[in-house]
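Listed below, chain by chain, are the residues.
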Amino acid sequence: QVQLIESGGGLVPTGDSLRLSCAASGRTFTRSPMGWFRQAPGKEREFVAAISWMDGVTRYADSVKGRFTISRDNAKNTMSLEMNDLKPEDTAIYYCAARNLGSAQGMDVANVDYWGQGTQVTVSS
């Protein structure tokens, strides 16, 4: 049984930083992409960032490019999202996600196979 457990959310002021982590258990994702999505109140869940597990290729949403960095540790089966220069519009529940197959380039809400339970990120203005 695959489990994705997020941690690291919280309440921070505008311009501050947070680091989210995702620990995967139940299988290793050596040939699969993993990523982060977020959902703000009243809005649809949206793509944030993804990383190909084997070669480390990354992809970012335009809204976070240059501020967020996704990384992974194959040995520990974990993934992280370093978020810098946070803005109030980054406020959302952030979800760790994984696919059985595919690439970071093709990862989307519609083709995610596994979801974490989510962690709240709130950025105060």
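Residues numbered from 1 in each chain as written. Predicted model: local features only at pLDDT ≥ 70, side-chain atom pairs only at ≥ 80, totals over all residues. Heavy atoms only, no water.

**Q** An account of the nonpolar core is requested, with residue identities and associated values reported.
**A** Ranked by internal contacts, the top residues of the largest apolar core, which has 35 residues, are Met34, Trp36, Met79, Leu81, Met83 and Tyr94. At the level of secondary structure, the elements contributing two or more residues to this core comprise β3 (18-25), β4 (33-39), β5 (46-52), β7 (68-73), β8 (78-83), β9 (92-98) and β11 (119-124). Setting aside chain neighbours within four positions, we find Met79 in contact with Leu20, Ser21, Cys22, Met34, Gly35, Trp36, Ile51, Trp53, Ile70, Ser71, Arg72 and Cys96. (Core = buried A, V, L, I, M, F, W, Y, C linked by side-chain atoms within 4.5 Å. Buried < 20%, exposed > 50% of the residue type's maximum accessible area, 1.4 Å probe, protein only. Helix = DSSP H or I, 4+ residues; strand = E, 2+ residues; numbered from the N terminus. Contact = heavy atoms within 4.5 Å.)

**Q** Break down the environment of Val64 for me, citing the residues and quoting the values.
**A** Within the element layout of this structure, Val64 appears in the loop between β6 (58-60) and β7. In this structure Val64 comes out as buried when scored by relative accessible area, which is 1%. In this structure, the C-alpha to C-alpha distance between Val64 and Ser125, residues 61 residues apart in sequence, is 18 Å. Aside from chain neighbours lying at most four places away, what touches Val64 is Arg38 and Val48.

**Q** Please provide a residue-by-residue account of the sheet that holds strand β1 (residues 3-7), values included.
**A** Strand order in the open sheet formed by four strands is β1-β3-β8-β7, with antiparallel pairing between adjacent strands. Strand pairing shows two members of the sheet lacking a second neighbour, β1 and β7, which therefore form its edges. Recorded for the sheet is a direction-independent mean angle of 15° between the axes of neighbouring strands. Where β7 meets β8, six bridges bridge the pair, whose relative direction is antiparallel. Each residue of the ladder has a partner; that of Phe68, found in β8, is Met83. (Pairing = 2+ DSSP bridges. Axes fitted to C-alpha atoms, helices over the stretch in contact; angles between N-to-C directions.)

Note that every value here comes from positions in space, so none of it alone points to a role or purpose.
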